[in-house]
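# Structural description and commentary
Listed here are the chains, written in short residue letters.
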Amino acid sequence: MLYTLLGVFKIMGFKHKDKNGNVTELKDLGLNHLKNIINYIERRAKEGVTISFGGSGCSAEDMWYDEETYYGKRARKELNYKKYFNELKRREQ
């Protein structure tokens, strides 16, 4: 079953979620919008991207929270830079 779900995910493709919560498949983004997203990711990679994460166990005392700020390559990875960049390259061919 997991294999089937992964196959469906690959067929559906990567989806972009904008600041308003709208979801669009990467292939359906306008070219200028795609370029603006790439520029935004590159700018944020220089400024830093703060990622928040946490979890809990069985009780309130087990709850935990942490933040890390990433720069450069790691920031681009967290923001899925390669997916956007590869889509732009695919369109420019």
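The coordinates are above.
Quick look at the structure, then. (Residues numbered from 1 in each chain as written. Predicted model: local features only at pLDDT ≥ 70, side-chain atom pairs only at ≥ 80, totals over all residues. Heavy atoms only, no water.)

## Focus: the side chain of His16
Here His16 shows up in strand S1 (residues 15-17). Only 2.7 Å separates the side chain of His16 from the side chain of Tyr84, close enough to count as a polar contact. Excluding its chain neighbours within four sequence positions, the residues that come into contact with His16 are Asn22, Val23, Thr24, Leu29, His33, Ile37 and Tyr84. (Helix = DSSP H or I, 4+ residues; strand = E, 2+ residues; numbered from the N terminus. Polar contact = N/O pair within 3.5 Å; in protein donor to acceptor, adjacent residues only side chain to side chain. Contact = heavy atoms within 4.5 Å.)

## Looking at the layout of surface pockets
In this model, the largest pocket occupies a volume close to 360 Å³. Contributing to the lining of the largest pocket are 14 residues, with His16, Lys17, Ile37, Tyr40 and Tyr84 lying nearest its centre. Looking at the lining of the largest pocket, the elements with two or more residues in it are S1 and helix H2 (31-47). No other element matches the 6 residues that H2 contributes to the lining of the largest pocket. (1 Å grid on protein atoms, 1.4 Å probe; cavity = no way out; pocket = protein on both sides within 12 Å on 5 of 7 lines; lining within 4 Å. Points joined across faces, edges and corners; volume = space filled by probe spheres on them.)

## Some words on the pattern of salt bridges
The full count for this structure, using the stated rule, is 5 salt bridges. The residue Lys27 makes a salt bridge to Asp28 at a minimum N-O spacing of 3.4 Å. In this structure, Arg74 engages Glu78 in a salt bridge whose closest nitrogen and oxygen atoms are separated by 3.1 Å. Taken together, the residues span about one helical turn, with Arg74 and Glu78 both in helix H3 (residues 72-78) at a distance of 4 residues. Taking relative accessible area as the criterion, Arg74 reaches 40% and is therefore assigned partly exposed. Residues joined by salt bridges that share partners form a network here, namely Glu87, Arg90 and Arg91. (Salt bridge = Lys/Arg side-chain N within 4 Å of Asp/Glu carboxyl O. Buried < 20%, exposed > 50% of the residue type's maximum accessible area, 1.4 Å probe, protein only.)

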